[in-house]
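Given next are the chains, with one letter for each unit.
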Amino acid sequence: MKNGINDEERSLNILDLNDLKSSSQLMKQICDMFDVAYNGIIIVDGQSKVVLVNRVVSDIAGVNKDELIGKPITQVFPNSLLPSVLKSGKALFGIKNVLNGIPVVANYTPFLENGVIQNAICIFQDLSSIEHLYAELDSVKTLFRELSTIIDSSYDGIFIADGNGVALRVNSAYERISGINASEIVGKSMTQLVEEGFYDESVTLQVIETGKSVTIPQTINRTNKQILVTGNPIFDEEGHLFRVVTNVRDITELYTLENQLKKTKEQTLKYEIELNHLRSMQIKENSIVYRSEAMERVIQLAVKVADVDTTVLITGESGTGKELMAKLIHDRGKGSKRPYIKINCAAIPEQLLESELFGYAGGAFTGAKKEGKPGLFELANTGTLFLDEIGDMPLLLQAKLLRALQEKEIVRVGETKPIRIDVKIITATNRDLDKMVKEGTFRQDLFYRLNVVPIHVPPLRERKEDIPLLVEFFLSKFNKRFNFEHHISSPVIDTLMGYSWPGNVRELENVMERMMIISIEDELSVNLLPEIIQRQIPLPKRGTKLKDAVKQTEIYLIEEAFKEYGSLQKVAEVLGVDRTTIF
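Since the structure is predicted, the reported quantities are computational estimates derived from the model, not experimental observations.

1. A short note on the environment of Arg-338
1) Next: Structurally, Arg-338 is set in the loop between helix H15 (322-332) and strand E12 (340-344).
2) Next: By relative accessible area, which is 41% here, Arg-338 ends up partly exposed.
3) Next: For the pair Arg-338 and Thr-382, spaced 44 residues apart in sequence, the C-alpha separation works out to 6.7 Å.
4) Next: Those residues in contact with Arg-338 that sit more than four places away from it in its chain are His-330, Thr-382 and Gly-383.

What follows is the structure, encoded as structure tokens:
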């Protein structure tokens, strides 16, 4: 017994470190307890020498804890505050410090015996681990907010219960559909909610019973509303039922959507029947408007070749309607239900055109899809492939196209396995392929293969009797599109008939659209025409005497030349006559 403290009490007093040293077994037990602590623990004697440290301290110091015993604390951690605590005898709490480069927050406490400071202890927390935990907590909070936003943004109602059937959460869509507020049901079991009359039955309870997804119609007793609910079980890692997530839809909304879809299908069928009827009535509904004998011959040939499985080459200037002719051949032959694929060979770069036509294998080149891609030949199988601007196809691809036509099979880029095809080939060009063959820019064998049935679409200037019909067609088309009520005057028709139309039907369509858009009055007048058309030599009206027609032409040419040059001498030179004749 010493100072009123027996030996057993002294052996259990961890603050009396001299006695702890004499009890090595108890010291070991205490050290073992300290080692499992999450915080760092340092105990020093009155001379600031280390008496005890735990695993956390040795890890930070980078030295085995047995090697730290007996060393001055300042030798282990130079900036430790334990010496100053021993000197002042005052405890310090929540002090931030840096131990061997690790930020910590520490508490320092001195221990006195008979008024004399014998030891001091430092217990600290590694702030870096706390900051890591804070970062993880923020990440979890962010994820929770995202999930909450997704759940609440769902148009379908979502009802979440735990594995015992207790309601945990519902989204705003559920409140809207059911008419029940979340505060009325969250925290209650589904058994209780059914007993209280919220629902006639519970899909959640059925999922808990079966462990499988269940779909049932459900009645919300309060509003007598019918809803369709699908409950899905969610299991934890051990296979125990963890959550039941229920999707909810208003059957009334589904019925409304179903009726709308039914009406849309009926309307679509009606339009399809009407459209097929109009197509059967006349070819003109395909926008091929004509009455000239030149176009009549072209149409007859196109209809005749439509039923024959052979290649067709359509030639003609830009804007004459070659693409419409190709579509007519397809519709009259293969039919509108078969695929009709078109591609402009001039609009696609050479390095991409091959893969577009023949497709490619997965990974055939940089940027290729992993699963590969079928080419236009495959997409047009059993139908028609229309190759516009065929004259612009590179020579290397011409050879591959010829092989496809002759052998009726293609090979994807990056593969060797051939693919059989059944495709009607229609090509078109505004270039002189015969001349290109002579110049060596187009393969002769391919030209002969494509030119089995040539169809030449005449330019508009060679079928001017079609112009009035085309004008009326475009007038009706744009009146419907823009909700106009325009009509056209005879002088405009006469002026249009007199123009050479280098852009053909496409140019005429553009001129008509421009006139109708800029016109203030319902009647379209000559002054709305482009200046180049207004300035043309007006054609004399039918029945005009030849002498008067010549006079009108002379007046027009002289006036226009004088407007441009302002000199009679220059006008005479331009028109190739003597100055006195002009005068």
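Back to the text.
2. What about the sheet that holds strand E10 (residues 241-250)?
1) Next: Pairing is antiparallel across the open sheet formed by 5 strands, whose spatial order is E7-E6-E10-E9-E8. Edge positions in the sheet fall to strand E7 (167-170) and strand E8 (214-220), since each of these pairs with one other strand and no more. The average undirected angle you get between the axes of adjacent strands in this sheet is 25°.
2) Next: Strand direction decides the pairing type here: strand E6 (residues 157-162) and E10, joined by 6 bridges, are antiparallel. What sits directly across from Asp-162, in E10, is Arg-243.

3. Examining the sheet that holds strand E3 (residues 92-99)
1) Next: Strand order in the open sheet made by the 5 strands is E2-E1-E5-E4-E3, with antiparallel pairing throughout. Two strands lie at the open edges of the sheet, namely strand E2 (50-53) and E3, each paired on one side alone. Along the sheet, successive strands turn relative to each other by an average axial angle of 25°, direction set aside.
2) Next: Relative to E2, strand E1 (residues 40-45) runs antiparallel, the two sharing 3 bridges. By the bridge assignment for E2, Val-44 is matched with Val-50.

4. Focus: unusual backbone geometry
1) Next: Located in the positive-phi region is Lys-408, a residue other than glycine, with phi close to 55°.
2) Next: Along the chain, Lys-408 falls in the loop between helix H18 (395-407) and strand E14 (409-411).
3) Next: Of note, the phi angle at Trp-501 is positive, near 50°, even though the residue is not glycine.
4) Next: Mapped onto the secondary structure, Trp-501 falls in the loop between helix H22 (490-498) and helix H23 (504-518).

Conventions we followed
Residues numbered from 1 in each chain as written. Predicted model: local features only at pLDDT ≥ 70, side-chain atom pairs only at ≥ 80, totals over all residues. Heavy atoms only, no water. Helix = DSSP H or I, 4+ residues; strand = E, 2+ residues; numbered from the N terminus. Buried < 20%, exposed > 50% of the residue type's maximum accessible area, 1.4 Å probe, protein only. Contact = heavy atoms within 4.5 Å. Pairing = 2+ DSSP bridges. Axes fitted to C-alpha atoms, helices over the stretch in contact; angles between N-to-C directions.

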